[in-house]
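# Structural features, examined
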Amino acid sequence: MTILAMTATMLGTAGCINVTAPDKPIQINLNINVTQEVVYRLDNEAKTLIQQNPGIF
């Protein structure tokens, strides 16, 4: 008897759910701005070594 009641309930609610696709396409806007700043410091000893040997690198 309970199986019959569960089946009747399921059949009664089966047509209530509607899933439709949107009319317009979904747009995802990603406004990303990536900036990079490189800061370097050179030791005076290393600076003079590079000046004395310009072909070291």
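Rules of the game
- Residues numbered from 1 in each chain as written.
- Predicted model: local features only at pLDDT ≥ 70, side-chain atom pairs only at ≥ 80, totals over all residues.
- Heavy atoms only, no water.
- Helix = DSSP H or I, 4+ residues; strand = E, 2+ residues; numbered from the N terminus.
- Buried < 20%, exposed > 50% of the residue type's maximum accessible area, 1.4 Å probe, protein only.
- Areas by Shrake-Rupley, 256 points an atom, 1.4 Å probe, with all protein chains shown as cover.
- Patch = residues over 30% accessible without salt bridge, like charges linked within 9 Å, V, L, I, M, F, W, Y side chains within 5 Å.
- Salt bridge = Lys/Arg side-chain N within 4 Å of Asp/Glu carboxyl O.

### Looking at the overall build of the protein chain
The secondary structure content of the protein chain amounts to two helices and zero strands. In the protein chain, which comprises 57 residues, the share counted as buried stands at 0%. Of the roughly 6,500 Å² that the protein chain leaves accessible, carbon and sulfur atoms contribute 58%.

### Re a nonpolar patch on the surface
A contiguous nonpolar patch, built from Ile26, Ile28, Leu30, Ile32 and Val34 and spanning about 660 Å² of accessible area, is present on the exposed surface. Mapped onto the elements of the fold, isoleucine 32 is located in the loop between helix 1 (2–13) and helix 2 (44–52).

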